[in-house]
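Spelled out from the first residue to the last, the chains are:
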There are 4 protein chains.
Amino acid sequence: MLNFQCDYLEGCHPKILEKLAETNNIQMPGYGNDPYCGSAREKIRRACGAPEADVHFLAGGTQTNLTVISAILRPHQGVLAAAEGHIACHETGAIEATGHKVLTLQPSDGKISASQIEEYCKNDLACSIREHMVQPGMVYLSFPTESGTLYNRKELKEISSVCRRYGLPLYLDGARMGYGLSSPSNDLSLADIAELCDVFYIGGTKCGALFGEAVVISNDSLKRDFRYFIKQKGAMLAKGWLLGLQFDVLFEDGLYSGICAKAVNYAQDIRRAFEHKGIPMFGNSVTNQQFPILNKEQMEAFHPDFEYEVWGKYDESHMIVRFVTSWATTEEEAGKLIEKIHSIP
Amino acid sequence: MLNFQCDYLEGCHPKILEKLAETNNIQMPGYGNDPYCGSAREKIRRACGAPEADVHFLAGGTQTNLTVISAILRPHQGVLAAAEGHIACHETGAIEATGHKVLTLQPSDGKISASQIEEYCKNDLACSIREHMVQPGMVYLSFPTESGTLYNRKELKEISSVCRRYGLPLYLDGARMGYGLSSPSNDLSLADIAELCDVFYIGGTKCGALFGEAVVISNDSLKRDFRYFIKQKGAMLAKGWLLGLQFDVLFEDGLYSGICAKAVNYAQDIRRAFEHKGIPMFGNSVTNQQFPILNKEQMEAFHPDFEYEVWGKYDESHMIVRFVTSWATTEEEAGKLIEKIHSIP
Amino acid sequence: MLNFQCDYLEGCHPKILEKLAETNNIQMPGYGNDPYCGSAREKIRRACGAPEADVHFLAGGTQTNLTVISAILRPHQGVLAAAEGHIACHETGAIEATGHKVLTLQPSDGKISASQIEEYCKNDLACSIREHMVQPGMVYLSFPTESGTLYNRKELKEISSVCRRYGLPLYLDGARMGYGLSSPSNDLSLADIAELCDVFYIGGTKCGALFGEAVVISNDSLKRDFRYFIKQKGAMLAKGWLLGLQFDVLFEDGLYSGICAKAVNYAQDIRRAFEHKGIPMFGNSVTNQQFPILNKEQMEAFHPDFEYEVWGKYDESHMIVRFVTSWATTEEEAGKLIEKIHSIP
Amino acid sequence: MLNFQCDYLEGCHPKILEKLAETNNIQMPGYGNDPYCGSAREKIRRACGAPEADVHFLAGGTQTNLTVISAILRPHQGVLAAAEGHIACHETGAIEATGHKVLTLQPSDGKISASQIEEYCKNDLACSIREHMVQPGMVYLSFPTESGTLYNRKELKEISSVCRRYGLPLYLDGARMGYGLSSPSNDLSLADIAELCDVFYIGGTKCGALFGEAVVISNDSLKRDFRYFIKQKGAMLAKGWLLGLQFDVLFEDGLYSGICAKAVNYAQDIRRAFEHKGIPMFGNSVTNQQFPILNKEQMEAFHPDFEYEVWGKYDESHMIVRFVTSWATTEEEAGKLIEKIHSIP
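Residues numbered from 1 in each chain as written. Chains lettered and ligands numbered in written order. Predicted model: local features only at pLDDT ≥ 70, side-chain atom pairs only at ≥ 80, totals over all residues. Heavy atoms only, no water.

S.K.: What is the right way to read the packing of aromatic side chains from this model?
M.R.: Pairs of aromatic rings are described using the distance from one ring centre to the other and the angle between the two planes. Enumeration according to the criterion identifies 56 aromatic pairs over all chains in this entry. Judged by centre distance (5.3 Å) and plane angle (55 degrees), the rings of Phe-291 of chain C and Trp-311 of chain C are tilted. One end of the pair, Phe-291 of chain C, is in the loop between strand E9 (289-290) and strand E10 (293-295); the other, Trp-311 of chain C, is in strand E12 (residues 309-315), and 20 residues separate them in sequence. An aromatic cluster of at least three residues, connected via ring pairs, comprises Phe-4, Phe-274, Phe-302, Phe-306, Tyr-308 and Phe-323 of chain A. Over the ring of Tyr-151 of chain A we find Lys-111 of chain A, and its NZ or CZ is 6.0 Å from the ring centre. (Phe/Tyr/Trp six-rings, centres within 6.5 Å; stacked < 30°, edge-to-face > 60°. Helix = DSSP H or I, 4+ residues; strand = E, 2+ residues; numbered from the N terminus. Lys NZ or Arg CZ within 6 Å of the ring centre and 35° of its normal.)

Structure follows, in structure tokens:
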């Protein structure tokens, strides 16, 4: 059985495993104060063209989102996000548990726009009883989005510009960053993102690491005391070098986007296979997640050899399902799936 | 240079590393729903003589403490703990950040007593304006304590009995559980702990794992919806099998306490070396942490070959320092330190 | 100038003022432990046909909502409410600040339905990753709604029945309860509400009191330790008798709904005047708030003699505005407004 | 029976009652945007010699403390306070419920000192794992203290100076401010307090008002968005003019400290009566609370004619009890108590 349900089904890139074995017996200072974290920070700063950025390593995505967002917002503020954003839907109210409302905007193909943000802010400023409303305090984007789409440079520039005009820090959740950066449709570099966002994270868990996310803070005013927030939220790993080491490997010789590029290619092949078959796709994903709209018979055709995730109902007789490739997907595995697609009714 | 600052300086036991390598390419379901977590749960239940217990795996200690404590308490309740307890001192207010006060009791040799808890509860019940005070809602113990001491069976029974009389769930933080269980002075088994406590955790990070803690919930009424709390607090690892796998290895053939026993033995040798030298020890640690009281000259004698942690001021001319052994400490390393102790002024 | 912006423009019913003067120099125990609170509690219990209910007095509505809701929910739960509900829109994220998400349903004429709640719960139960979602933990209704409409007995019974089936406490916000109870369209009594809801509050601030709301808890399992929550949220008035005394007066001889009935009658007269004029009304308010849809010229016609509140945009050339009567509105004042309505273009 | 248990036993000063009656039927804008609030703000600014200060009115003390403190602190910060401070003991963990630890210092005669604060900050700065500790983020004082003592100008200057050196906003809880200002031992003016503190509140509830506290923010950087916090915490009274009106009366012609001065005089007479009797006093209260140390027989001697509050145990055979006078205490009442004191065994 081949599983295409998600991109966190395997361990880590073999080079990381090697490094873990190599360093296993070496005594290392705790809490991220080790040479591997140091080296990884340096490589990430360089990749981001942001020599002054602060870089922190945390274990997982929900943890990172709640730590960053609660560190930025004041008590009366909320975070603007797409209604289908991860923080709005799939984190058991982690943001609310830190005291803050997620203020939602209806996305289009997974994305929210600069003009939506601007309209929200304008309405807020025009309101005569503003202090009875949650104040918009920052903006959250995913890159890629939950739907596998990407903000292009123009869109991100516009959003960044609105955010700066209204004093809203811009935070980008890059849980699948590698698949975004390496998509043929992408025109954004890490340096662009570092310049246009105030803080973002580079996902490791889904992009070749065992676990771990690298938070990059480019806005000076958000740097202060960030390690306190990491510790308070339970996100400071005692053996922090485990995180640093992984990013140190991933950011050597372009490994990070290299291994993700492959996955995006396979995903595009899979998309084309569905389209060739005349099966409609939900949304215009240009990354490693693909969302065909299948009827019951088609859904069953994949059993028992392939697993996918049921994403939601499309209409009375169709469901949206999700197939995901990852850095670990092989050509052979992608090939088998494509073959199966060609054969479904 | 040999580092005795803490017990999280090395990676993990080689058997874990092996298993990680072995399983690295196998597709595994996420969020702890994998066979390794299943097997580890079963082994832990068996070791605890608690076939009905719920077992969950989280990444780190602060995370575990804040998740468990905030899951148990109602909004107006606080947690009773030793004033030097980890949650009271060294977690950046993680418990308060979930809305709860840590109610402190003065420990004696690191431990609080049943009678202190009872007195606190009696005073609370007798208070005419009880609703103006934080209600005691649970009790937190560390085993071993921050000072390396251990509750014995009699003490834990008494505490458990008071807790049950006053309706207070008893939670035991076992970050260094392995060093407690394997101490020659210990008379408590995991089964005793499971019976006497309502929830506790078996520490992995400091006891042979790369990272990870296993929460055991033996009280039925605390089991409900616990996975929600794990997810909400950002403590649910996507690749949950990484945690299960480690505990599965550690709970095979007594590895967990076996590798910790060695460390406790070395620590006792180190203690005896200090005592033989006429250097007073702070507290009666019977586990892997030892706290000699050194003057300046003695402190310097260890440099540059040995690192220890400065624990606090003892008097104008003496400091309490901490030497810690771990599962990774070798006989040779312990020997070198003991030799050095013999040679200090 | 006559102000119809809201129903908290005047002080209190003269009988309350009298009583305040009468008792001003009498020494009274604090925190609600006085004879006036006792007597008011008794009268309210009687009015609710709920001799076992707990009754508490708090100072204001947002305070009451946040105290009740955070007392009921567990950390991973949220409260289901109409998207236009007060807690969802106009309390500066007070609920989120206690750690809980407001889960919104699209209301129809201000109301949510039993079937919407049931569908939400069914979807939640069917979800394969439930613990990644906020768990619905209670339901919040307003009576009257923000739009001035009322749940009828059948609707409330159905909602209550769904709530009980899914284990969701039902909470009813009665900030304007008096105007609901005394509406000719209403078929619910306080006793019905006490029976069908688990907790609700009877609004004083907008219904004849200087300030104050009476929380009625009919569900035994929600009674425990409620005074702790009141105190913790800063909602326990030192001179609690000020609140008890007001409700004691309002619940003597039917004063509460008597003074509200008048206001509802005037509001219906005002509605009819608009309708007679051919001006469309927004929603079917049967209580003391009325929402005509006016064009710019019509809006200006009321100036400078009458004040109303701008409620929102209807279309490019029309706004929804709100006219509100209260217990303090006189026949003469209502008459003048109606005369003006007849005269507008 | 005469009650000396506390200073919130009666309603309000008759002039306030008069004004309430006078204005009862006048339509007034809500939420503190009325002329009475405006006028009261102006008078308070003048009394504080702080023309630029922001002044807000809230209903009660716990509410004010939790609103101010949670508005100032960042998530990883705590508030330094005397271990017997109101926020540390008698507010059901209201501060912790907003996410913040109360960091306690041992007071001497109810007061903490500049050097204690400095030492705390120095130790914090010197700590090698600062981010594992709660960061001190502000200082809380009570004036008068819980023990009825007063900071003098020299002490407050020193505290203020340490606070500014370490960047800690200084907040003074003036629940009984009137009794402090009007004590013969006091050398601080409202203007001194406004200059030396960053924010403080002038208590109304215990000093002649029905209810209400006036928050004065003199530090510009703490002014922003404060109304949001008031609303979010449920502390914004719909009929805000009720609060403004009361302070407007109290700050006319020195009424506020005038009516409190009388109470302090009586309290000093009561103190002298105890001392004359040879009964030791607990602490050196110079305000309206007095704490004699009584044996059982003496305690009973006051029954059934006088009520006091039992404060705590002094030794096996003695209790500390509290007698409190207020603005409402008459010469005759004080006289009767003094007479009784003379007669006890």
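Back to the write-up after that little detour.
S.K.: Hey, could you run me through helix H6 (residues 114-126) of chain B in this one?
M.R.: Along an α-helix, residues three or four apart share an orientation, since each turn contains 3.6 residues. Residue and element names in this part refer to chain B. Helix length check: H6, at 13 residues, gives a terminal C-alpha distance of 18 Å against a target of 18 Å (1.5 Å per residue), a fit within 8%. Three or more residues of H6 are buried, namely Ala-114, Ile-117, Glu-118, Cys-121 and Asp-124. Taken down its axis, H6 places every buried residue within 125 degrees of arc, on the same side. Those residues of H6 that are buried are in contact with strand E3 (77-82), strand E4 (102-105), strand E5 (135-142) and helix H7 (153-165). (Expected span 1.5 Å × (residues − 1). Buried < 20%, exposed > 50% of the residue type's maximum accessible area, 1.4 Å probe, protein only. Arc of directions from axis to C-beta. Contact = heavy atoms within 4.5 Å.)

S.K.: It is not clear to me how the sheet that holds strand E6 (residues 170-174) of chain D should be interpreted in this structure. Could you clarify?
M.R.: Backbone-to-backbone hydrogen bonds pair the strands of a sheet. The strands run either parallel or antiparallel. All names here are of chain D. Read across the open sheet, the seven strands follow the order E2-E8-E7-E6-E5-E3-E4; overall the sheet is mixed. If you trace the sheet from one side to the other, it starts and ends with strand E2 (54-58) and strand E4 (102-105), each paired once. Each strand axis lies, on average, 25 degrees off the axis of its neighbour in the sheet, ignoring direction. Taken together, the five bridges between strand E7 (residues 199-203) and strand E8 (residues 213-217) define a ladder with antiparallel strand orientation. By the bridge assignment, Phe-200 is partnered in E8 with Val-216. On top of the sheet, helix H7 (residues 153-165) reaches strand E5 (135-142) and E6; it is set at about 140 degrees to E6, its chief contact. (Pairing = 2+ DSSP bridges. Axes fitted to C-alpha atoms, helices over the stretch in contact; angles between N-to-C directions.)

S.K.: Looking at this model, I keep getting lost on the state of the cysteines. Mind explaining?
M.R.: As used here, a disulfide is simply a covalent bond connecting the sulfur atoms of two cysteines. Across all of its chains, the model carries zero disulfides over all chains by this definition. Free cysteine Cys-37 of chain C: the closest other cysteine sulfur is in Cys-6 of chain D, separated by 14 Å. The buried category is assigned to Cys-37 of chain C, whose relative accessible area is 1%. (Disulfide = S-S within 2.5 Å.)

S.K.: Quick question: what am I supposed to make of the packing of helix H2 (residues 35-47) of chain B against helix H11 (residues 241-250) of chain B here?
M.R.: When two helices pack together, you describe them by how their axes are tilted relative to each other and by the distance separating the axes. All names here are of chain B. H11 packs onto H2 with a crossing angle of 40 degrees between their chain directions and a minimal axis gap of 7 Å. Between H2 and H11, the angle falls in the class oblique. Relative to H11, the crossing made by H2 is left-handed. Taken together, the residues of H11 that come into contact with H2 (itself represented by Tyr-36, Cys-37, Ser-39, Ala-40, Lys-43 and Ile-44) are Trp-241, Gly-244, Leu-245, Phe-247 and Asp-248. Per-class residue counts for the contact of H2 with H11 are seven nonpolar, two polar and two charged. (Parallel < 35°, antiparallel > 145°, perpendicular 65-115°, else oblique. Left-handed = near helix turned anticlockwise from the far one by under 90°. Nonpolar A, V, L, I, M, F, W, Y, C, P; charged D, E, K, R; others polar.)

S.K.: Could you clarify how one ought to interpret the sheet that holds strand E2 (residues 54-58) of chain C in this entry?
M.R.: All names here are of chain C. Within the open sheet, the seven strands sit side by side as E2-E8-E7-E6-E5-E3-E4. Their pairing is mixed. The open sheet has two edge strands with one neighbour each: E2 and strand E4 (102-105). Averaged over all pairs of adjacent strands, the angle between strand axes in this sheet comes to 25 degrees, irrespective of strand direction. Bridge count between strand E5 (residues 135-142) and strand E6 (residues 170-174): four bridges; the pairing is parallel.

Nothing here speaks to function; it is geometry throughout.
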